[in-house]
Amino acid sequence: MTAEQHAKTELAVVGAGPGGYAAAFLAADLGMRVTLVDPRPKPGGVCLFQGCIPSKALLHVSKLLSEAEEAAGWGVEFAKPKIDLEKLRSWKKEVVKKLTSGLSQLSTQRKVNFVQGTAAFIDSNTLEISVARDKKHRISFQHAVLATGSRPAGIPGTTIESPKVMDSTGALELEDVPKTLLIVGGGYIGLELGSVYASLGSRVTVVEMMSDLLLGVDKDLVKVLRNRLEKKFDAILLDTKVGRMKETKKGIEVTFQSKAPDVPAKTFEKALIATGRKPNSNDLGLENTKVEVDERGFIEVDGQRRTTDPSIFAIGDVAGEPMLAHKASHEGRVAVEVIAGNKAEFDPRAIPAVVFTDPEIAWCGLTETEAEAQNRKVDVVRFPWAASGRALTMGRTDGVTKLLVDPETERVLGMGVAGAGAGELIAEGVLAVEMAALATDVRLSIHPHPTLSETVMESAEVFFGQSTHIYRPKRKSKS
Amino acid sequence: MDVEFTLPDLGEGVEYGTIAKILVSVGDELEMDQSIVELETDKAVFEVPSSISGVIKEIFVQEGEDVKVGQKILTVSSKAEAVKKAVEKPAPAEKSAPAVEPEPVSPKEAAAEKAPEDAVPTKTAMQEMVPEATPASFVPLASQKPDEAAPAAPSVRRFAREIGIDINGVSGTGPGGRISIDDIKRHAKALSEQRAAFAAVPAGIPLEPLPDFAKWGEVAREPMNKVRRKTAEHLGHAWTTVAHVTHFEKADITQLEKFREDYGKKAEDAGGKLTLTAILLKIVSAALKVFPQFNASIDLARSEIVYKKYYHIGVAVDTDRGLLVPVVRDVDRKNIVELSVELTQMAQKARNKTISLEEMKGGCFTISNLGGIGGTGFTPIVNTPEVAILGVSRSRVEPLYVDGEFEGRLIVPLTLSYDHRLIDGADAARFLRWIVEAIEEPFKVLLEG
């Protein structure tokens, strides 16, 4: 390393995922000189390269396949679909390429200095960037934003190294469609990818340690999804752990430990480990700074996303749950505003979460599970999709929309939806919660007919016992 | 199933404390109401009782650590049925946690009750008014539930943040208490008016930078304990706001000493100690009745004088943690023996850390007796929002010219510091004179007090 390569920047952003690039772009818009560092050739991060975007492309195909199958019931019959994996993969790649190239261009237009490499701190104001083997240079910064994201976490002692055992990144590569596939972990990643493989023809088994899928999500919403997945998947093993995994000629032999008696060992052609993600806070040279990391590996930050080192900020997955791209982007913008001297703070009332299975599950704000844990009194009002005209016309009455309302102030505190397109519907809930809307506000806003969005309005009507399409008089107990 | 215990609401606006002692350890079987930690808050140390039960799995705090209300203290693994989530306030265990409000009042009610009283610069309100923010304490309208996110749109929240208003203290006028930009403006205006009323108060004199003492020799640094910190803040505030004047007097206590010797036994039998301070309590309460302006506070914000119709008197107690001022309630309704017993108990409680915050609030006047240690006179600082304080120094035999000859009399020096904003010099002289005469002629108390 040579001394003359000691460059300077106002803001260094480490990690170019949705958090990092959003931060870098806003900083550039505010007139800062910005350096954006990422090991990938273009901005986008896990979200674009190995996460949200490729999985959604595949899930779209998966849904199309299910619908084609269901159309037989409506009098339209298609031939059994032929799947050209090669073409499917390249379409997925194309989507990713379009998006990341677009980001690359936006980055250039804003004069953000994008550096491909891995960065580590030398001290609280200097980064060392390795751009290639033996090629390193240093850059000093006034402020840094850490947006290094997270990576799949295996189960220590159980997960084995084998080409037949994948993590989410491997599964998205779509190397082949195994005849049988074991998904370890009933969280959103496992269920989304399981749905893709099931649609493409794999016989999927999901094994989940807890008593239900999607830990922490309201049970009534999970139930809607589980009903459908039970048909789509070969088996859903709840209260069950993977005992031992062994690679054999035929695939991966797996034993189970279950509360249910005798779950026999079974061999799967492939297995996907989807047991969660862990923050990328190691190998960053944090020991050379004052940044502190908690016992789970998350970097500790305050309301402004400042770490315990005043010149360094952290956002996104590496700064704590929930590990969601849209939370990271918002945090990234908050951190940059703070650096620019504005009085910004990360203070959301509702961070939406969406599980992109079919049907989708989405929620925001307070959930029933949380309300229960806090011993908090809320009125939960539900509108079943069986009463929605739009749901009927789509042949998808398997759904429910609900609002959580404060019985005293009548304020909307949270919303939950399970059903086709729930991810799009939830945005209205976010707006309602953030604006501190009352159930009346939602009820008195005209919603277009016939759409699924009417279920939100009608849920609010249920609160007053006046829903047009279901008869459920207001309970007397409410005062 | 693991259950968390978080630091419960301590009542009285106390938001944090220092863990003085951890009374349990990992692996212990924790029972309901068992004391978990000894917590030191502004002026009290008390034990925090558990609201959960089970085997302690992990403890997240350390002795000496500052903890906030709501902070996780420990987790227990417990059988689900044994546990009711620790969300509600713990039952008030009178002895171990006196600072916990006895009845959980709904916030709306509490605010309604408190509103008029808060407008009076009581000790807490005054202390909160001087530093920035904490507007909630003196804005008449009620704010939301404590844990509730303020009902305001993101743009409104941003506006509040930008002009430096804590939105959780703003009351909304919209449906469901929703806060608008106008509400924020109204709140900010009310705040600045309050501040303007206090303009006489220097908004905070910038700290002079400290030199590097280590240059000249070895030094040691120690964090201030809570009592010291609070004393420093409070007396600093008193010193900068009160127009201090100190008046000097001497009282002949020869007769009183005799009385003390004669009746000391009576007080002792009752469990007290018949000290000069105990007697002065009674005399001062009588004097406050005769001179009501000494049992008052100034409300500059409203340009009003608050006259108190009760007679609670604080007594400065020297403890190993620093100066504490327990307050003896309704002094006018108790006799001297009763007062001597109560004073002994209060002083003991202050010294062995069992005194509660509540027992140190609500005073009308303070007595500080340094006579046991020495001194010929000192100028005490008025304990705001009170308006006067009596200092007692060491008594000694002095020659007094009585009926044509010198006589040795036991004389005690008395000083009265008062807030000249409210009290005129002549009144102060009369007040202290009245006390001296009452000491010398106790019958006066019966006659006039």
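Scoring rules and cut-offs
Throughout, a residue's number is its position along its own chain's written sequence, starting from 1. For naming, the first written chain is A and the first written ligand is 1, with later ones following in the order written. Selection of residues for local features in this predicted model requires a pLDDT of at least 70, selection of side-chain atom pairs for listing and counting requires 80 or more, and totals for whole chains, interfaces and linings are taken over all residues. To qualify as a helix, a DSSP run of H or I must reach at least 4 residues; to qualify as a strand, a run of E must reach at least 2; elements of each kind are numbered from the N terminus. Expected helix span is given by 1.5 Å per residue-to-residue step, counting one fewer step than there are residues. Comment: burial labels come from other C-beta atoms within 10 Å of the residue's own C-beta, placed from the backbone, where a count of 20 or more is buried, 12 or fewer is exposed, and between is partly exposed. Once C-beta atoms are placed from the backbone, any two residues with those atoms within 7 Å are in contact. In this scheme, strands are said to pair when DSSP sees at least two bridges between them. Put simply, a nonpolar core is a cluster of buried Ala, Val, Leu, Ile, Met, Phe, Trp, Tyr and Cys residues tied together by C-beta atoms within 7 Å. Residue-level confidence of the predictor is summarised by pLDDT, bounded by 0 at the bottom and 100 at the top. Angular values range over 0 to 180 degrees, each being the angle between N-to-C directions of two axes fitted as lines to C-alpha atoms, with helices fitted over their stretch in contact. Angular relationships are summarised with four words: roughly parallel below 35 degrees, roughly antiparallel beyond 145, roughly perpendicular across 65 to 115, and oblique for the angles in between. Handedness of each helix crossing follows the sense of rotation of the near helix against the far helix: counterclockwise by less than a right angle gives left-handed, clockwise gives right-handed.

J.: Please clarify how helix 3 (residues 52-70) of chain A should be interpreted in this entry.
T.: Structural remark: α-helix, 3.6 residues per turn; residues separated by three or four positions point the same way. Residues and elements named next belong to chain A. Compared with an ideal rise of 1.5 Å per residue, which puts 19 residues at 27 Å, helix 3 spans 26 Å between its outermost C-alpha atoms and is within 8% of the ideal. All of the buried residues along helix 3 are Cys52, Ile53, Pro54, Ser55, Leu58 and Ser62. Where helix 3 is buried, its residues meet helix 2 (45-50), helix 4 (85-109), helix 5 (168-173), helix 6 (188-200) and helix 8 (325-339).

J.: Just checking my understanding: could you explain the sheet that holds strand 6 (residues 54-59) of chain B for this structure?
T.: Residues and elements named next belong to chain B. Taken together, the 4 strands give an open sheet; going across it, the order is 1-8-6-3, and neighbouring strands pair in antiparallel fashion. If you trace the sheet from one side to the other, it starts and ends with strand 1 (2-6) and strand 3 (29-30), each paired once. Where strand 3 and strand 6 come together, 2 bridges link them in antiparallel fashion. Within the sheet, the bridge partner assigned to Leu30 lies in strand 6 and is Gly54.

J.: In this structure, what is going on with helix 11 (residues 422-434) of chain A? I would like to understand it.
T.: Taking 1.5 Å as the rise per residue, helix 11 of chain A with 13 residues should run 18 Å; its terminal C-alpha atoms sit 19 Å apart, in good agreement. Along helix 11 of chain A, the residues classified as buried are Ala422(A), Leu425(A), Ile426(A), Glu428(A), Gly429(A), Ala432(A), Val433(A) and Glu434(A). The inward-facing, buried residues of helix 11 of chain A abut strand 18 (353-355), strand 19 (360-365), strand 22 (412-419), helix 12 (439-443) and helix 13 (454-463) of chain A together with helix 3 (154-162) of chain B. Downstream of helix 11 of chain A by a residue or two, Ala436(A) has a phi angle that is positive, lying close to 60°.

J.: Even after reading the chapter, I still don't get the nonpolar core, so can you show me in this structure?
T.: Looking at soluble globular proteins, one finds that nonpolar side chains tend to be buried together. If you look at the biggest cluster of nonpolar residues, it comprises 87 residues, and the most contacted ones within it are Val184(A), Ala271(A), Leu272(A), Ala362(A), Leu403(A), Val412(A) and Ile426(A). Here this core takes 7 residues from helix 6 of chain A, the largest share from any one element. When sequence neighbours within four positions are dropped, the list of residues in contact with Val412(A) reads Leu403(A), Val405(A), Ala432(A), Val433(A), Ala437(A), Leu438(A), Ala439(A) and Val442(A). If you look at the next biggest cluster of nonpolar residues, it comprises 60 residues, including Leu276(B), Val327(B), Ile355(B) and Val387(B).

J.: Looking at this structure, I do not really get the confidence of the model for chain B. What am I missing?
T.: Detail in the predicted coordinates should be disregarded across regions flagged by low pLDDT. Residues and elements named next belong to chain B. Residues of chain B with pLDDT of at least 70 account for 80%, and the chain-wide mean is 80. At the level of individual helices and strands, chain B shows its lowest average pLDDT in helix 2 (residues 123-129), which scores 36, and its highest in strand 17 (residues 388-392), which scores 97. Low confidence marks residues 80-146, where pLDDT is under 50. Its contacts with residues over four positions away, or in another chain, come to 118 contacts. Both confidence scores are given for the complex: pTM 0.61, ipTM 0.79.

J.: Looking at this structure, how should I read the pairing of strand 4 (residues 118-123) of chain A?
T.: Successive residues of a regular strand alternate their side chains across the two faces of the sheet. Residues and elements named next belong to chain A. As judged from the 5 bridges shared by strand 4 and strand 5 (residues 126-132), these two strands associate in the antiparallel manner. Paired with Phe121 across the bridge in strand 5 is Leu127. In this antiparallel pair of consecutive strands, strand 4 and strand 5, the connection spans 2 residues.

J.: In this structure, what is going on with the packing of helix 6 (residues 254-270) of chain B against helix 8 (residues 336-351) of chain B? I would like to understand it.
T.: Packed helices, taken two at a time, are described by the angle between their axes plus the distance between the axes. Residues and elements named next belong to chain B. Their axes nearest at 9 Å, the elements helix 6 and helix 8 cross at an angle of 55°. For the element pair helix 6 / helix 8, the angle class is oblique. The hand of the helix 6/helix 8 crossing is right-handed. Contacts between helix 6 and helix 8 involve Lys266, Ala267 and Ala270 from the former and Val337, Ser340 and Val341 from the latter.

J.: Just checking my understanding: could you explain the pairing of strand 18 (residues 396-402) of chain B for this structure?
T.: All names here are of chain B. Here strand 18 lies mainly on the outside; 0 of its 7 residues are buried. With 7 bridges joining them, strand 18 and strand 19 (residues 405-419) adopt antiparallel strand pairing. Paired with Leu400 across the strands is Glu407, a residue of strand 19.

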